[in-house]
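# Tertiary structure, described
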Amino acid sequence: MNDYTNPWLHRLKWAYMLLIVVTLMSPVFYVMYISFNANGFGANEYDFTWEWYGLIFSDKLLMGALGWTMTLAVTTTVIGVPMALLAAKFYKRAQNKVLPVFLLLAPLFVAPDILGSALLVFFKNTNIVFVTLGDALGTGIFDGWFDLGFMTALIGLIIYTIPYSFVVILITMGRYNPEQTEAARSCGATAWQAFWDIEFPQIRAGVFSAASFTLILCFNEYTRTSLLKGGFDTFTTVLISQMLNTGMSEQSYAMSAFVSFVAIAIIGGIIITTMLRAEMLARQHREVAEPAAAN
Amino acid sequence: MTSPTGAVAPPAVEVRGLAKHYGAVVALTDVDVTIAAGEYFVLLGPSGGGKTTLLRTIGGFHRPTHGQVLLHGNDVGHLPPDKRPTAMVFQSYALFPHMNVLNNVGYGLKIAGLGKDERREKSAAALTMVGLDGYADRKPHELSGGQQQRVQLARAMVLERDILLLDEPLAALDAQLRKDMCLELKHLQHELGMTFIHVTHNQEEAMTVADRIALIADGELVEVGPAKEVYRAPRRRFTASFVGENNIFEGTVTNVEGAVVSVDVAGTNVAVDPDGQDVAVGAAVSLSIRSELVKLTTRGADIATDPGASLPATYKEAVYLGLTTSHLADIDGGGEVVSRVVEDLDEDVAQGTPVLAYWNREDLRLHTS
């Protein structure tokens with residue numbers, strides 16, 4: 001018996017992977033479990049209910065926070081993913097790749113509270129500069145541009161999510177042969193047509209994955225958002241505020257579980273679609289391994 | 001070429017003083033070349049010599065550091081690839097994997113704004129031209145390398161541009177397929193009357209297809225000429241070393257007398273026609289002669305040789321190459337000489353036998369550079 005025929009080694013690998021997944025996901029599963037308990041968190045008795053999920057929509061605080069979070073997440077995705085795509089395209093063409101990759105990944109290596117605080121100070125000072133400039137020009141047009149609020153939170157989230165999107169898109173772009181773009185240009189296509197007709201369909205999966213990832217990251221983010229958001233609340237700030245002050249409400253558990261379900265569904269969907277697509281392509285390759293005619 | 005009105009038509013491609021630098025790296029140095037309309041022109045040279053850089057600069061994929069590219073007399077230096085009257089065939093096929101064969105071929109027509117029916121009709125005709133009837137619905141990954149290359153050809157030709165740039169188009173194909181495709185390319189070019197500019201490092205491929213060949217090495221245009229001339233009478237030492245199988249002898253000029261230059265090669269005086277080149281006594285020069293023009297005989301055999309057209313040597317070994325056999329001998333005084341023959345030598349020659357390598361004097365060429 002060797003490594004290839006020993007079934008226990010195979011089972012052991014799967015058991016190990018399962019252990020890792022269970023360890024990582026246990027807290028999430030526990031929140032999901034609590035969210036269906038009619039008696040709430042910490043109760044001795046467990047009675048299954050959908051009640052808390054029904055109450056989510058009547059909780060104005062939660063719904064308001066969810067609305068802001070969604071708006072922030074979608075706006076971050078709409079702005080951040082194309083920026084990451086442009087950055088990845090620039091990186092592919094750059095002669096010296098060390099500097100752009102360092103600049104793009106740098107936000108990953110700065111602790112969130114430090115980056116958030118730095119941005120907070122930056123925006124406050126920038127705001128003072130703009131207000132002073134407006135006063136000097138006798139106009140109030142520059143007032144409030146950098147007041148803490150939606151835009152500052154948005155900039156913080158874009159800075160946070162771009163490195164992740166960049167890496168995801170770059171991985172997909174790695175498989176793209178840039179000579180196809182040149183071939184398209186040679187066929188008369190402009191740079192934009194070559195990108196849209198030829199390159200984008202081949203890196204689309206990476207761009208959509210980056211978009212999904214960005215949405216999920218925005219839902220998860222707390223530190224930078226809480227420092228930069230100003231007067232409104234997001235989903236995570238509400239949850240953490242509740243935990244620190246009054247304890248989470250049952251609806252909050254339900255909402256947390258709901259968001260987790262959605263995130264797992266999105267990521268799972270991407271993984272399953274990718275696997276099915278890979279299997280389909282492999283099957284096609286097998287079917288045409290011997291072309292109908294020689295040469 | 002003269003137009004019906006009597007005006008001389010400009011060449012299809014004219015490159016003037018073209019240079020391309022990548023920082024400190026010089027990829028091309030002051031290249032001047034003119035390619036006539038309807039010509040099959042080959043850029044031949046070793047890898048990294050600058051031939052692909054020249055081709056891509058003509059196609060608009062590189063901006064030259066200085067110099068001009070004129071297509072049909074128009075300076076196109078400022079134009080991107082999609083605005084030039086050129087189409088390109090790539091070494092890596094560069095087919096669009098998410099499109100089927102028909103859509104690959106018709107992509108340029110779609111960009112040009114042709115309707116669906118017209119696109120389909122023209123694309124199908126182009127596929128017929130390259131022998132790919134019945135493959136329209138296949139995806140590129142369902143084709144072999146040769147088929148993919150033909151799709152690429154169809155995609156380029158359907159555009160009806162009059163200059164086709166081919167960047168090592170056959171490099172990824174096996175030897176037999178490469179030979180077949182060479183002939184097909186030559187026939188297609190002849191049929192269509194387009195200007196083909198073909199980059200290759202394979203001299204056999206170049207000889208098969210080319211009307212004229214340009215040798216490029218170290219970013220420099222070494223020599224340009226008709227294929228036969230480049231093969232039979234290379235002007236430069238590099239050309240002799242790269243094209244065909246040439247013996248190259250290094251020597252020093254000992255005497256110049258009219259049309260005869262005497263060169264000391266490993267202690268033996270060899271005579272050569274300078275062919276118009278200025279040489280002075282004492283100059284270091286190279287001599288070359290194709291291996292199929294050199295004969296070997298055992299020394300002392302009763303064979304009349306031209307005076308100054310032989311070198312004493314010692315027989316080393318025979319290398320059987322199928323159609324031909326190469327006989328190798330060490331020149332007395334240093335160096336090696338190769339004699340390539342179709343038939344075997346009249347006699348079996350043992351290793352170490354003293355031999356004489358000889359040739360017709362007019363077959364030897366002198367190279368001063």
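Residues numbered from 1 in each chain as written. Chains lettered and ligands numbered in written order. Predicted model: local features only at pLDDT ≥ 70, side-chain atom pairs only at ≥ 80, totals over all residues.

## Concerning the domain arrangement of chain B
Threshold: Residue ranges labeled as domains rest on an automatic or database domain assignment.
Considered domain by domain, chain B is made up of domain 1 (13-232) and domain 2 (246-367). The C-alpha centroid of domain 2 of chain B is placed 40 Å from the C-alpha centroid of domain 1 of chain B.

## Considerations on the nonpolar core
Rules: For the purposes of this analysis, a nonpolar core is taken to be any set of buried Ala, Val, Leu, Ile, Met, Phe, Trp, Tyr and Cys residues that are connected through C-beta atoms within 7 Å. Exposure classes come from backbone-placed C-beta atoms, where a residue is buried if 20 or more other C-beta atoms lie within 10 Å of its own, exposed if 12 or fewer do, and partly exposed in between.
Of all hydrophobic cores here, the largest spans 80 residues; its most connected members are Ala154 and Ile197 of chain B. Ranked by size, the runner-up nonpolar core spans 44 residues in total, among them Trp68, Leu154, Tyr160 and Ala210 of chain A.

## A closer look at the interface of chain B and chain A
Heads up, the rule is: This entry defines residue contacts through backbone-placed C-beta atoms, with two residues in contact when those atoms are within 7 Å. Throughout, the ten residues Ala, Val, Leu, Ile, Met, Phe, Trp, Tyr, Cys and Pro are labelled nonpolar, Asp, Glu, Lys and Arg are labelled charged, and all others, Gly among them, are labelled polar.
Each partner contributes to the interface: chain B provides 26 residues, whereas chain A provides 20 residues. For the side of chain B that touches chain A, a count of residues per class yields 15 nonpolar, 8 polar and 3 charged.

## Considerations on the sheet that holds strand 2 (residues 25-35) of chain B
All names here are of chain B. Applied cut-off: Note: two strands are recorded as paired if DSSP finds a minimum of 2 bridges between them. Strands here mean DSSP runs of E at least two residues long; helices mean DSSP runs of H or I at least four residues long; both are numbered from the N terminus. In this analysis an axis means a line fitted to C-alpha atoms, helices contributing only their contacting stretch, and an angle means the value between N-to-C directions, from 0 to 180 degrees.
Pairing in this open sheet of 4 strands is antiparallel, and the strands run 2-1-4-5 from one edge to the other. Because the sheet does not close on itself, it has two edges, and the strands there are strand 2 and strand 5 (74-75). As defined by bridge partners, strand 4 (residues 66-71) adjoins strand 5 across 2 bridges and the pair is classed as antiparallel. Across the sheet, the residue bridging to Leu71 is Asn74, located in strand 5. Each of strand 1 (13-22), strand 2 and strand 4 is contacted by helix 1 (residues 51-59), which is oriented at about 115 degrees to strand 1, the strand it contacts most.

## Some thoughts on the pairing of strand 7 (residues 163-167) of chain B
All names here are of chain B. Defined as follows: Whether a crossover is right-handed depends on one test, that the path from the first strand over the helix to the second runs clockwise when the strands point away from the viewer.
Strand 7 sits mainly inside the fold: 5 of its 5 residues count as buried. Burial along strand 7 is two-sided: the residues Ile163, Leu165 and Asp167 and Leu164 and Leu166 are all buried. Here 4 bridges tie strand 6 (residues 86-89) to strand 7, and the two strands are oriented parallel to one another. Looking across to strand 7, one finds that Met88 is bridged to Leu165. Here 5 bridges tie strand 7 to strand 8 (residues 195-200), and the two strands are oriented parallel to one another. Counted as the bridge partner of Leu165 is Ile197 from strand 8. Remark: the strand 7/helix 5 (residues 175-192)/strand 8 crossover connection has right-handed handedness.

## Comments concerning helix 5 of chain B
Residue and element names in this part refer to chain B. To be explicit about the condition: One fewer than the residue count of a helix, multiplied by 1.5 Å, yields its expected span.
An ideal rise of 1.5 Å per residue puts 26 Å on 18 residues; helix 5 measures up with 26 Å between its terminal C-alpha atoms. Here the buried face of helix 5 lies against strand 3 (40-44), helix 4 (145-157), strand 8 and helix 6 (203-209). At the exit of helix 5 stands Gly193, carrying a positive phi of roughly 70 degrees.

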